[in-house]
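Survey of secondary and tertiary structure
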Amino acid sequence: MAENGNKRRVYLVENTNSTYVVGQTSGSFSLNDELLDVSDKTHEWAEYISGKKAWSATIGVNLDNTASSMQIKFLDSLVEGTKVKVFIGVLTADKQSDGILGEAFVASVEDTFDNGAVSSRSITLTGSGEAIIVKPA
């Protein structure tokens, strides 16, 4: 069944608190497996085994000078090289319910300020270590 994308968000996690990234317009995450080629010359078809796993995420947010000073400080703190704990998914009754949880480095930050458009920021995260799958209770 289809689900509205507004339900899934990116949260910064500190202790047991999950803080929503205000102004979020888009978000995505990707789980990857580095497949290792173990083919030999006896078959025409390639054969693989599972290798190292990795994950990454991207967050798009509107930049708004009328946002709270706490939100502006928060967005300004997300600079290249910063390590953050994130939850990407759905909160149900303030509990992480459906998504992934893990630590990531801020890999890149890109601001866009086109004429006639809202200023926005795209933040790319690269997972460091395991992405824990959180399933609905």
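For the structure given in this document, a descriptive report is provided here. Quick caveat: nothing in here was measured; it's all calculated off a predicted structure.

Turning to the overall build of the protein chain, a few remarks are in order. Looking only at helices and strands, the protein chain has one helix and 10 strands in total. Reading the protein chain from its N terminus to its C terminus gives the helix and strand order β-β-β-β-β-β-α-β-β-β-β. What you see for the protein chain is a C-alpha radius of gyration of 18 Å, clearly larger than the 14 Å of a compact globule of 137 residues, by over 25%. Principal-axis analysis of the C-alpha atoms places the extent of the protein chain at approximately 65 × 40 × 30 Å. Within the protein chain, the proportion of its 137 residues that are buried is 24%. When contacts within the protein chain are restricted to residue pairs at least 6 apart in sequence, long-range pairs at least 24 apart make up 59% of them. Taken as a whole, the protein chain presents about 9,500 Å² of accessible surface, with 52% of it coming from carbon and sulfur. For the protein chain, the distance from the average position of its 12 positive side-chain charges to the average position of its 18 negative side-chain charges is 7 Å.

Taken together, the nine bridges between strand E3 (residues 24-33) and strand E6 (residues 53-62) define a ladder with antiparallel strand orientation. Residue pairing in the sheet places Ser30 in a bridge with Ser56 of E6. Taken together, the seven bridges between E6 and strand E9 (residues 120-127) define a ladder with antiparallel strand orientation. Residue pairing for E9: Ser56 is matched across the bridge by Thr126.

Evaluation of the coordinates by the stated rule reveals one cavity of 30 Å³ or more. Reported here for the largest cavity is a volume of approximately 40 Å³. As for the largest cavity, its lining consists of Val10, Leu12, Val21, Ile59, Leu78, Val84, Val86, Ile123 and Leu125. Partitioning the lining of the largest cavity into residue classes produces nine nonpolar, no polar and no charged.

Right, let's get into a nonpolar patch on the surface. Together, Phe29, Leu31 and Ile133 line one region of the surface with nonpolar side chains, adding up to about 270 Å² of accessible area. In this fold, Leu31 is placed in strand E3. We classify Leu31 as partly exposed; its relative accessible area is 47%.

Before going further, it helps to examine the nonpolar core. Among the nonpolar cores identified, the biggest contains 19 residues, and Val21, Trp55, Leu78, Val86, Ile88 and Leu125 are the most heavily contacted of them. When contributions to this core are tallied by element, the ones reaching two or more residues are strand E1 (9-14), E6, helix H1 (69-77), strand E7 (83-92), strand E8 (95-112) and E9. No other element matches E6, which puts four residues into this core. Sequence-distant contacts of Val86, that is, excluding residues within four places in its chain, are made with Tyr11, Leu12, Val13, Trp55, Ile100, Leu101, Gly102 and Leu125. Tyr11, Phe87, Leu101 and Val134 belong to the second largest nonpolar core, which has five residues in total.

This next bit is on the environment of Tyr20. When you line up the elements, Tyr20 lands in strand E2 (residues 17-20). Between the alpha carbons of Tyr20 and Arg9 there is a distance of 7.1 Å; along the sequence they are 11 residues apart.

Each value, and the rule that gives it
Here the residue numbering is sequential within each chain, running from 1 through the sequence in written order. Per-residue local features of the predicted model are confined to residues with pLDDT of at least 70, and side-chain atom pairs are confined, for both listing and counting, to 80 or more; whole-chain, interface and lining totals are unaffected and use all residues. Values shown for side chains rest on all heavy atoms present in the structure; no hydrogens or waters enter the calculation. Each helix is a run of DSSP H or I of at least 4 residues and each strand a run of E of at least 2, with the numbering of both proceeding from the N terminus. It is over C-alpha atoms that the radius of gyration is taken, and the globule rule equals 2.2 Å times the number of residues to the power 0.38. When a residue's accessible area, from a 1.4 Å probe over protein chains only, is under 20% of the maximum for its type it is buried; when over 50% it is exposed; and in between it is partly exposed. The criterion used for residue contact is that any of the two residues' heavy atoms lie within 4.5 Å. Here, Shrake-Rupley sampling with a 1.4 Å probe gives the accessible areas, and only protein chains in the shown set may cover a residue. Within this scheme the basic residues Lys and Arg register as positive and the acidic residues Asp and Glu register as negative, but His and the chain ends are omitted. Every charge is mapped onto a representative atom, which is NZ of Lys, CZ of Arg, CG of Asp or CD of Glu. When DSSP finds at least two bridges between two strands, those strands are taken to pair. The distinction between a cavity and a pocket rests on a 1 Å grid over the protein atoms alone: a 1.4 Å probe fits inside a cavity but cannot get out, while a pocket stays open yet meets protein on both sides within 12 Å along at least five of seven lines, and a residue with an atom within 4 Å of a point counts as lining. Grid points are joined across faces, edges and corners, and a volume is the space filled by probe spheres set on the points. Any residue that is not Ala, Val, Leu, Ile, Met, Phe, Trp, Tyr, Cys, Pro, Asp, Glu, Lys or Arg is counted as polar, Gly included; the first ten are nonpolar and the last four charged. Each patch is built from residues lacking any salt bridge and having more than 30% relative accessible area; the joining distance is 9 Å for like charges and 5 Å for nonpolar side chains (Val, Leu, Ile, Met, Phe, Trp, Tyr). A side-chain nitrogen of Lys or Arg and a carboxyl oxygen of Asp or Glu constitute a salt bridge if their distance falls within 4 Å. Put simply, buried Ala, Val, Leu, Ile, Met, Phe, Trp, Tyr and Cys residues joined by side-chain atoms within 4.5 Å make one nonpolar core.

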